[in-house]
Structures are given as structure tokens and as C-alpha cells.
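Analysis of the macromolecular model
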Amino acid sequence: MLKLTRRAAITSVAALGLAMSAIPAVADGHKMTFTLATSGSETDQRSVAMAEVFAPMVAGFADYQAGYNGTLFAQGTELEAIAGGNLTMSIASAQELAQFFPEFSIFATGYVHQDAAHQVRVFNDPLMDPFKQKVEDELGVKLLSVMYLGRRHVNLRQTREELDVQTPADLAGVNLRMPGTDAWQFLGAALGASPTPLAFSEVYTSLSSGAIDGQDNPLPTVVDQKFYEVTKQIALTSHLVDLNYIAFSAETWNSLDADQKITVQRAADAAAAYGRLKQLDKENNLADFIRSQGVEIYTPDLAAFRTHVQGQYVGSEAAASWPEGVLEKINALGN
Ligand code: KDO
């Protein structure tokens, strides 16, 4: 596995962006401030990418500040804050967008996106244009780039001896924390579990107390949040190759001049690319560390999980909201 040093990755990606667009002089000396709110931590690779790649690229005309761990706006309220003119940016999810536009649930459906590259092809495909336009027109939010969050797996407090997860039937009655929106709760139930809505910031303490039996996040998040301290197993279900969008205020965007728009777009793309590389590197190299912390990691019956989960979406209310032909186009962009 090619190991990118942090500095090399930042230099190469930032240079790519900077080489293609000179930082414009600030016309009247007035600097804007771009504020990001995220429920992620400061050390999460998406947060690092925004601070270390996006921020320097827009520094010619905008200061950057970020609120982490849901401290600025609670998880799931960021898009409304942007729409209300109270926030510039968030690391949004398709599940949050599906609360406003149900058709976004297609991008939050289990076992649809195949990998990080597939996510990028889908986001850049013309199929995405009506989705992006609707969010801009009706919510006042521009989706600038797609970020890679990673493969979500079932992570439980129980040891494998206590609960060996091979098929969805093994998750019956398991109190699995999922994020609060409908699309997440649907996915938790589709896995066979009993989903519980809970904010990301509450997950560690709820695992520690036993208020929940488990959670589902990618391996880098398990390490970043130290979930390995309060869980004993990870069944590599890969039930969702998860993504986020760099969401940006349309009002702020429209106030930018042409050069500033180009720079913001390139800064978002460069940050997304940098964060994707770092997240993939972590995802491919953290399993042994997590095992060293006493967490058993194993692969369940993936065919059983895929078949069951996909079957739950067929005929569902979520699937009824998907525009005709979009799922076929997404699948055609796969490997
Ligand atoms: C989570 O709450 O489990 C989740 O992974 C959901 C994602 O959509 C995203 O909000 C993420 O949290 C945050 O960015 C924190 O990593």
C-alpha cells in the first residue's frame, strides 16, 4: 500500500489547486469568514483536509474557522443553519439531505456505492445535476464535492463468543445505534437489528454504559473516537460505503467573484481528494491496531447481508422516491 506522507499529500494536492488558479487579490481589503460546523472531531481526516487544504487555498480572500464535535450546531441541524444564513459550510450527509428531499436516500442505500472511486463517478455524473440543483434552489446550499467517509461495519460490545454475527438474523434484538434520520434508522432495521437514534457525540458514553449494544462506523472512526475501548467485535459487513458532501452556502457563493468561485471549488475538490487518500490509507491499515486493543474483527456472510438488506429496500417508501432510472445509472457507473 502506497503510504502518503501527510506533508507530501498536502503539498501535491494543494499545489495542483494553486497552480491552476492564482489567489485573487481581495478587492476592498475586506476578508470574509467561512465557518464550518461538523459533528466530526478535529482529528477526523475530513476535518484535517478542510483545515490543511481547503483553508490555505481560500486564505487570499477568506478566513476559515471550524466548530467540531457538534459544538457549533448539533448533528443534523447544520443544513438548516446554512439555509438560514447562520453558517457557511458543513460536512453534510445524504441521510440528512433525505430529510428534506427523500430521493437523496438513494445515496444512503445499503450496498449501492461500491467504493470511493464509484462515489466520485456518481457525484460527477450528469445524473447528479438535478439533485444538486434542487438543493441549491430549495435549500440555498451548494454541494461542492463528495468526501469519503468509509465502509461502515457493525461494531458491538458483545464478544464474538457471546454473539457471532454471520447473517442479519444474528442481529435480531440487538440495540444498534444509528444516526437520527429516517434513512439511517431504515438501514439499521434492514441489517436485522433494532435501531436506536443517537447523536454521534453520545455514542462512546452509551457504549460504555451499555445503553446501546453497538454502532456502525468505518474503522478510522472506530480509532478516532476510541470505540475500541468500549466494544469487543467488528463484523465487516461493509453495509454502506459512506460519503459526505462539502455543503456551502449558496448566498455566500453568489457573493463571490468569478475567480473566488473557481478557487473555492478547487479548494473543496482538493480537500476532498486529500481526505479520501488519507481515509483510505487509514482504512486499509488500522485493523491490526484495533485487534491489538482486544477487538475481534471478522468477515460475516456478506452474500446473506447484501441479499437481505437490498431486499428490504425493494418496494420501500424510500425506493418510491427515487427518480426513474437513477439506480440503474449508479450501478452502471460501478465496477
Ligand atoms: C455517525 O453519526 O455515525 C456519522 O458517521 C454519520 C455521518 O453521516 C456523519 O454525520 C458522521 O457521523 C460525522 O461526520 C462524524 O464522523
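Because the structure is a prediction, the values reported are computed rather than measured. (Residues numbered from 1 in each chain as written. Predicted model: local features only at pLDDT ≥ 70, side-chain atom pairs only at ≥ 80, totals over all residues. Heavy atoms only, no water.)

Scanning all chains against the criterion turns up 16 aromatic pairs. When the centroid spacing of 6.4 Å and the interplanar angle of 40° are considered together, the rings of Phe34 and Phe54 count as tilted. You can see Phe34 sitting in strand 1 (residues 32-37) and its partner Phe54 sitting in helix 2 (residues 45-58), a full 20 residues away along the chain. For the pair Phe34 and Phe54, a shared accessibility class is recorded, and that class is buried. An aromatic cluster is built from Phe100, Phe101, Phe104, Phe107, Phe123, Phe131 and Tyr245, whose rings are joined through pairwise contacts. Lys142 extends its terminal NZ or CZ atom over the ring of Trp253, reaching a point 4.8 Å from the ring centre. Looking at Arg160, its charged tip hangs above the ring of Tyr298, at a distance of 3.7 Å from the centre. (Phe/Tyr/Trp six-rings, centres within 6.5 Å; stacked < 30°, edge-to-face > 60°. Helix = DSSP H or I, 4+ residues; strand = E, 2+ residues; numbered from the N terminus. Buried < 20%, exposed > 50% of the residue type's maximum accessible area, 1.4 Å probe, protein only. Lys NZ or Arg CZ within 6 Å of the ring centre and 35° of its normal.)

What follows is about the domain arrangement of the protein. Annotation of the protein at the domain level lists domain 1 (6-148 + 243-283) and domain 2 (152-241 + 285-332). Here the C-alpha centroids of domain 1 and domain 2 sit 25 Å apart. With 34 residues of domain 1 in contact, the opposing surface of domain 2 contributes 34 residues. Together, Gln95, Ile106 and Tyr111 form the three largest contributors to the area buried by domain 1 at its contact with domain 2, with a combined 26%. Counting every contact that joins domain 1 to domain 2 gives 16 residue pairs in polar contact (both at pLDDT 80 or more). Within the residue set of the side of domain 1 that touches domain 2, elements represented by two or more residues are helix 4 (94-100), helix 5 (116-124) and helix 11 (258-283). When its residues are assigned to classes, the side of domain 1 that touches domain 2 shows 12 nonpolar, 15 polar and 7 charged. (Domains from an automatic or database assignment. Contact = heavy atoms within 4.5 Å. Buried area = accessible area lost by both parts, 1.4 Å probe. Polar contact = N/O pair within 3.5 Å; in protein donor to acceptor, adjacent residues only side chain to side chain. Nonpolar A, V, L, I, M, F, W, Y, C, P; charged D, E, K, R; others polar.)

Quick look at empty space enclosed by the protein now. Within the structure shown, the criterion is met by 1 cavity of 30 Å³ or more. Reported here for the largest cavity is a volume of approximately 40 Å³. Taken together, Phe107, His113, Gln119, Val122, Phe123, Met128, Val146, Leu243 and Tyr245 make up the lining of the largest cavity. The set of elements that each furnish at least two residues to the lining of the largest cavity consists of helix 5 and strand 8 (233-249). Considering every element that reaches the lining of the largest cavity, the biggest residue donor is helix 5, with 3 residues. (1 Å grid on protein atoms, 1.4 Å probe; cavity = no way out; pocket = protein on both sides within 12 Å on 5 of 7 lines; lining within 4 Å. Points joined across faces, edges and corners; volume = space filled by probe spheres on them.)

There is about 420 Å³ of room inside the largest pocket. Lining the largest pocket are 32 residues, and of these Ser39, Gln75, Glu96, Pro179 and Phe200 sit closest to its centre. In the lining of the largest pocket, the residues fall into 10 nonpolar, 14 polar and 8 charged. Residues from two domains meet in the lining of the largest pocket; each of domain 1 (6-148 + 243-283) and domain 2 (152-241 + 285-332) gives at least three.

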